[in-house]
Amino acid sequence: MSEEPVREAINPNSMTIIVTRGSLDWAYPPFILSTTAAAMGLDVTMFFTFYGLPLLLKKMDLKVTPLGNAAMKMPMMGGHMVMPNLVAAVPGVDAMASKMMKNLIRKKGVASIEELRDLAVEAEVRLIGCQMTMDLFEYRAEDMIEGIEVGGAATYIEVATRSHINLFI
């Protein structure tokens, strides 16, 4: 008789998100989805790896990267302006685009990433920083916000195999 591994049942009220990007525009989807899901009663786990890991740093300096983002259209002069890749490659354009985006966020009353992250912590979203990424980019636990866990791919997979919803952002 073969022994099959015992697998825990999937929790229908659970969600995981792998966060791989840490720019200002890419930080919004995982934090909005996680805090909304937590508010709806789901058990949420976020796994921050590679360029998403800096979203767990105590001090964030988020920027928008318009280069190669053809969908980025900023509202200007009653319309929407697309930034051509040639212009986006000019030094200083990232800083200008980041300032424009932060002003737009503030003007429209959208919560900041710091506020959304604090809300995630308050809502008891499980935040896991990737150990391998921390080692690779030489981050220390002291560099990160309070209350995160540090774990590897196995830690994430253990949670993901029992989760009803798994997202990669």
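Look above for the structure.
Computed from a predicted model, the values in this text were never measured in an experiment. Note that residues are indexed from 1 along each chain, following the sequence as it is written. Given that this is a predicted model, residues contribute local features only at a pLDDT of at least 70 and side-chain atom pairs are listed and counted only at 80 or more, while totals for whole chains, interfaces and linings are drawn from all residues. Excluding hydrogens and water, the side-chain values take into account all heavy atoms of the structure.

### Regarding the nonpolar core
Phase 1 of the analysis: Put simply, a nonpolar core is a bunch of buried Ala, Val, Leu, Ile, Met, Phe, Trp, Tyr and Cys residues held in one set by side-chain atoms that sit within 4.5 Å of each other. We call a residue buried when its accessible area falls under 20% of the maximum for its residue type, exposed when it is over 50%, and partly exposed in between, using a 1.4 Å probe and counting protein chains only. Counting 32 residues, the largest nonpolar core has Met46, Phe48, Leu55 and Ile113 as its most contacted members.
Phase 2 of the analysis: Residue assignment for this core shows that the elements contributing at least two residues are strand E1 (11–19), helix H1 (24–39), strand E2 (43–48), helix H3 (93–108) and helix H4 (113–122).
Phase 3 of the analysis: Residues are treated as being in contact if the distance between any of their heavy atoms lies within 4.5 Å. For Phe48, the contacting residues outside a window of four places in its chain are Val19, Phe31, Leu53, Leu55, Leu56, Leu127, Ile128, Gly129 and Cys130.
Phase 4 of the analysis: Of all hydrophobic cores here, the second largest spans six residues; its members include Ile18, Phe47, Cys130 and Ala160. Strands are runs of DSSP state E lasting at least two residues, helices are runs of H or I lasting at least four, and both sets are numbered from the N terminus onward.

### Structural notes on H4
Phase 1 of the analysis: Of all the residues in H4, the buried ones are Ile113, Leu116, Arg117 and Ala120. Looking down the long axis of H4, one finds its buried residues gathered within 100 degrees of arc, a one-sided arrangement.
Phase 2 of the analysis: Elements in contact with the buried residues of H4: H1.
Phase 3 of the analysis: Backbone geometry just downstream of H4 places Glu124 in the positive-phi region, at approximately 60 degrees. What the arc measures is the spread of directions leading from the helix axis to the C-beta atoms.

### Topic: the pattern of salt bridges
Phase 1 of the analysis: Salt bridge, as applied in this entry: a Lys or Arg side-chain nitrogen positioned within 4 Å of an Asp or Glu carboxyl oxygen. Taken as a whole and assessed by the stated rule, the structure comprises five salt bridges.
Phase 2 of the analysis: A salt bridge links Arg162 to Glu158, with the shortest nitrogen-to-oxygen separation between them at 4.0 Å.
Phase 3 of the analysis: The partly exposed category is assigned to Arg162, whose relative accessible area is 24%.
Phase 4 of the analysis: Salt bridges here are not isolated pairs; linked through shared partners, they connect Arg140, Glu142 and Asp143.

### Some details on the sheet that holds strand E7 (residues 163–168)
Phase 1 of the analysis: Pairing between strands is defined by DSSP: at least two bridges between them are needed. Sheet architecture is open: five strands sit in the order E6-E5-E2-E1-E7, paired in parallel fashion. Two strands lie at the open edges of the sheet, namely strand E6 (149–151) and E7, each paired on one side alone. Strand after strand, the sheet turns through a mean of 25 degrees between neighbouring axes, direction not considered.
Phase 2 of the analysis: By the bridge criterion, five bridges tie E1 to E7 in an arrangement that is parallel. Along E7, the bridge assignment pairs Ile17 with Leu167. Axes here refer to lines fitted to C-alpha atoms; in helices the fit is confined to the stretch in contact. Angles between the N-to-C directions go from 0 to 180 degrees.

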